Amino acid sequence: MSQPALAPRNPFGGVVVVWGVAFVAAIAIGIFVPEEWRVQWLLIGFGGSILLTFASQLWYGQSAGFIFRTAASVLGALLLLGVVSAGFGLAALVPA
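Conventions adopted
- Residues numbered from 1 in each chain as written.
- Predicted model: local features only at pLDDT ≥ 70, side-chain atom pairs only at ≥ 80, totals over all residues.
- Heavy atoms only, no water.
- Helix = DSSP H or I, 4+ residues; strand = E, 2+ residues; numbered from the N terminus.
- Rg over C-alpha atoms; globule rule 2.2 N^0.38 Å.
- Contact = heavy atoms within 4.5 Å.
- Buried < 20%, exposed > 50% of the residue type's maximum accessible area, 1.4 Å probe, protein only.
- Core = buried A, V, L, I, M, F, W, Y, C linked by side-chain atoms within 4.5 Å.
- Axes fitted to C-alpha atoms, helices over the stretch in contact; angles between N-to-C directions.
- Parallel < 35°, antiparallel > 145°, perpendicular 65-115°, else oblique.
- Left-handed = near helix turned anticlockwise from the far one by under 90°.
- Phe/Tyr/Trp six-rings, centres within 6.5 Å; stacked < 30°, edge-to-face > 60°.

### A look at the overall build of the protein chain
For the protein chain, the helix and strand inventory stands at three helices and zero strands. Counted from the first residue to the last, the protein chain has its helices and strands arranged as α-α-α. Taken over the C-alpha trace, the protein chain has a radius of gyration of 17 Å; the compact-globule value for 96 residues is 12 Å, which it surpasses by more than 25%. The principal-axis extent of the C-alpha atoms belonging to the protein chain is close to 75 × 20 × 20 Å. Across the protein chain, contacts joining residues at least 24 apart in sequence account for 74% of those joining residues at least 6 apart.

Written as structure tokens, this is what we have:
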């Protein structure tokens, strides 16, 4: 008698986690980092998102769709960081 196959984990859970971490990092950088250092810290945040993407996708342990999930994670993190940084940039133009 063979054992039933276990239900696989959701492959896009890691994608959503990376997007959430990138969003929280962008907000934290925008709030706590001075304006002249934001771009450098956003690049560091993006690099951390890339490392988290590879870690989460390798932890998932399935090769089918690896490139698609990795690309979705990285592109989503890049777009989130860009939109949030553009928001903080526009907010900096408005006089207080």
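Moving on from the model shown.
### Notes on the environment of Val17
The residue Val17 is located in helix 1 (residues 13-32) in this model. On the accessibility criterion, Val17 (48% relative accessible area) is partly exposed. With 14 residues separating them along the chain, Val17 and Ile31 place their C-alpha atoms 21 Å apart.

### Overview of the nonpolar core
Judged by nonpolar contacts, Val18, Ala22, Ala26, Ile29, Val33, Leu42, Phe46, Ala77, Leu81 and Val84 together constitute the single largest core of 10 residues. Among the elements of the structure, helix 1, helix 2 (38-60) and helix 3 (66-93) are those that each provide at least two residues to this core. Counting residues per element, this core draws most heavily on helix 1, which supplies four residues. If near-sequence neighbours (up to four positions away) are discounted, Leu81 is found in contact with Ala22, Ala26, Leu42, Gly45 and Phe46.

### Structural notes on the packing of helix 1 against helix 3
With their axes 9 Å apart at the nearest point, helix 1 and helix 3 run at an angle of 20 degrees to one another. With respect to helix 3, the element helix 1 is oriented roughly parallel. For the pair helix 1 and helix 3, the crossing hand works out as right-handed. For the pair helix 1 and helix 3, the contacting residues are Gly14, Val15, Val18, Trp19, Ala22, Phe23, Ala26, Ile27, Gly30 and Ile31 in the first and Arg69, Ala72, Ser73, Gly76, Ala77, Leu80, Leu81, Val84 and Phe88 in the second.

### Comments concerning the packing of aromatic side chains
Tallied over the entire structure, the rule returns two aromatic pairs. When the ring of Phe12 is compared with that of Phe68, the centres are 6.1 Å apart and the planes differ by 85 degrees; the resulting orientation is edge-to-face. In this pair, Phe12 is assigned in the segment before helix 1 and Phe68 in helix 3, connecting sequence segments 56 residues apart. Plain terms: the ring middles of Phe54 and Phe66 are 6.4 Å apart, the flat faces sit at 35 degrees to each other, and that makes the pair tilted. In this pair, Phe54 sits in helix 2 while Phe66 sits in helix 3, placing the two residues 12 residues apart along the sequence.

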